[in-house]
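Letter by letter, the chains look like this.
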Amino acid sequence: MYDYDLLVVGSANADLVIGVERRPAAGETVLGSDLAVHPGGKGANQAVAAARLGARTALLARVGDDAHGRLLLGSQRAAGVDTAGVLVGGAPTGVALITVDPSGDNSIVVSPGANGRLAPGDVRAAGDLFRASRVVSAQLEIPLETVVETVRSLPAGSRFVLNPSPPVPVPAEVLAACDPLIVNEHEARVVLGDAAGDRPEDWARALLTLGPRSVVVTLGADGALVADAEGTARVPSVRVDAVDTTGAGDAFTAALAWRLGAGSSLAEAAAYAARVGAAAVTREGAQVSFPTAEEVAAL
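So, here's what we can say about the structure. Within every chain, residues take consecutive numbers counted from 1 along the sequence as written. Side-chain atom pairs in this predicted model are given and counted only at pLDDT of 80 or more, local residue features only at pLDDT of at least 70, and totals for whole chains, interfaces and linings cover all residues. Hydrogens and water are ignored here; the side-chain numbers use all heavy atoms of the structure.

So, about the side chain of Glu201. Put simply, DSSP H or I for four residues or longer makes a helix, DSSP E for two residues or longer makes a strand, and each gets a number counted from the N terminus. With respect to the helices and strands, Glu201 occurs in helix α8 (residues 200-208). Three exposure classes are used, based on accessible area relative to the maximum for each residue type with a 1.4 Å probe and protein chains only: buried under 20%, partly exposed in between, and exposed over 50%. By relative accessible area, Glu201 is classed as buried at 12%. By definition in these notes, contact holds between two residues if any of their heavy atoms fall within 4.5 Å. Setting aside anything within four residues of it in sequence, one finds Glu201 in contact with Leu225, Thr232 and Arg234.

So, in structure tokens, the structure goes:
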């Protein structure tokens, strides 16, 4: 019996968000909306998204001993996430500077802060959390060597999910553990390099040759594509009016990881995750936009 449906190993940031009519060009200044501060970070986002859906969730992360760190811890606990694995201190809390245009698209710059101090030794010290978790997910806003150690710490029978964002070349050892590897177009092209083709099906098949047991390519309003040894399949999305896409990919990843752990097939889990992501883009912010299971069912 597992204590947790999902253990998220990853980042926790304060999101500093400004709405803009358009993104500035090099050397240009544009005026924006009032600054809004939200709890965010890919790891923290995934943990809150899963907990909102009803998953028993734990987070392994690091925040600073500051106001932003307290904001993040409060958000996790309010959502029902177990924060026993959240370490405090070592550097200021990570910060993401986010601009959102009228279409809901965003651009993000991240200052890692304490996220960069989440070390392999922290992973090794969290062995009890790993042994108690059915599924483990990670992203790349923490040091790559910490993600490698996460893979090495996986207990027998657990499942590993990776969203390689921000994208960098991923070690073969990590790719081989992914079930699935979740990428958007940009991430797929960075991981594949010159091997990337023109269609999502091409990216998925090429990614599978690198070692993942399965691959999911997110396609925004067009849903997603899933691929494994049995072939590829398209998964439609739900049409909604997008307000802010911040955190939608994290909500998708969390929902997919949770449903896979609950026994859904890859296509079934991706279809559910697409509905979760669609619900998330209808509200501003990251964690504050994540839906409950009841809200997803209403779609």
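For the rest of this paragraph, the subject is the nonpolar core. Counting residues in hydrophobic clusters, the biggest one holds 44 residues, and the most contacted among them are Leu53, Leu59, Val216, Phe252, Leu256, Tyr272 and Val276. For Val276, the contacting residues outside a window of four places in its chain are Leu53, Ala251, Ala255, Pro291 and Val296. Put simply, buried Ala, Val, Leu, Ile, Met, Phe, Trp, Tyr and Cys residues joined by side-chain atoms within 4.5 Å make one nonpolar core. Judged by nonpolar contacts, the second largest core, of 39 residues, contains Ala126, Phe130, Ala204 and Leu207.

What follows is about unusual backbone geometry. For the bond from Ser165 to Pro166, the omega torsion is -5°, close enough to zero to count as cis. Among the structural elements, Pro166 can be located in the loop between β9 (159-162) and α6 (172-177).

Attention shifts here to helix α9 (residues 248-261). With 14 residues, α9 ought to run about 20 Å at 1.5 Å a step, and its terminal C-alpha atoms sit 20 Å apart, in line with that. Along α9, 12 of the 14 residues are buried, which leaves the element largely enclosed by surrounding structure. Listed as buried for α9 are Ala248, Asp250, Ala251, Phe252, Thr253, Ala254, Ala255, Leu256, Ala257, Trp258, Leu260 and Gly261. In the segment just after α9, Gly263 is the residue with positive phi, at about 105°. Here, expected helix span is obtained from the residue count minus one, scaled by 1.5 Å.

Two strands form a pair only when DSSP identifies at least two bridges running between them. Overall, mixed pairing links the 9 strands, which are arranged β5-β4-β1-β8-β9-β10-β11-β12-β13 in an open sheet. Since the sheet does not close on itself, it has two edges, and those belong to β5 (86-88) and β13 (231-235), each with one partner. Within the sheet, the average angular offset between the axes of one strand and its neighbour, ignoring direction, is 20°. Fitted lines through C-alpha atoms give the axes, limited to the stretch in contact for helices. The angle between two N-to-C directions lies from 0 to 180 degrees. Here helix α1 (residues 42-53) sits on the sheet and contacts β1 (4-9), β4 (57-63) and β8 (133-138); the angle it forms with β4, its principal contact strand, is near 160°.

Quick look at the side chain of Asp15 now. By the secondary structure assignment, Asp15 is in strand β2 (residues 13-19). Buried charge without a partner: Asp15 forms no salt bridge, and the closest opposite charge is Lys42, 9.3 Å away. Here Asp15 is in contact with Ala36, Val37, His38, Pro39, Gly40, Gly41, Ala96, Ile98, Thr246 and Ala286, once residues within four sequence places are set aside. Charged residues are defined here as Lys and Arg on the positive side and Asp and Glu on the negative side; His and the ends of the chain fall outside this count. Criterion for a salt bridge: a side-chain nitrogen of Lys or Arg within 4 Å of a carboxyl oxygen of Asp or Glu.

Taken together, the 4 bridges between β8 and β9 define a ladder with parallel strand orientation. The partner of Ser137 across the bridge, within β9, is Val161. With respect to chirality, the unit in which β8 leads through helix α5 (residues 144-152) into the neighbouring parallel β9 is right-handed. Bridging between β9 and strand β10 (residues 178-183) involves 2 bridges; their strand directions are parallel. Residue pairing for β10: Phe160 is matched across the bridge by Cys178. The β-α-β motif built from β9, the intervening α6 and the parallel element β10 has right-handed crossover chirality. By the criterion used throughout, a crossover qualifies as right-handed when its path from the first strand across the helix to the second strand runs clockwise, the strands pointing away from the viewer.

Here we have 4 strands laid out as an open sheet, ordered β3-β2-β6-β7, and mixed in their pairing. This sheet does not close on itself; its edge strands, each paired only once, are β3 (36-40) and β7 (106-111). Between one strand axis and the next, the sheet turns through 25° on average, direction left out of account. Strand direction decides the pairing type here: strand β6 (residues 94-100) and β7, joined by 6 bridges, are antiparallel. Within the sheet, the bridge partner assigned to Ala96 lies in β7 and is Val110. Packed onto the sheet, helix α2 (residues 67-79) meets β2, β3 and β6 and runs at close to 60° relative to β3.

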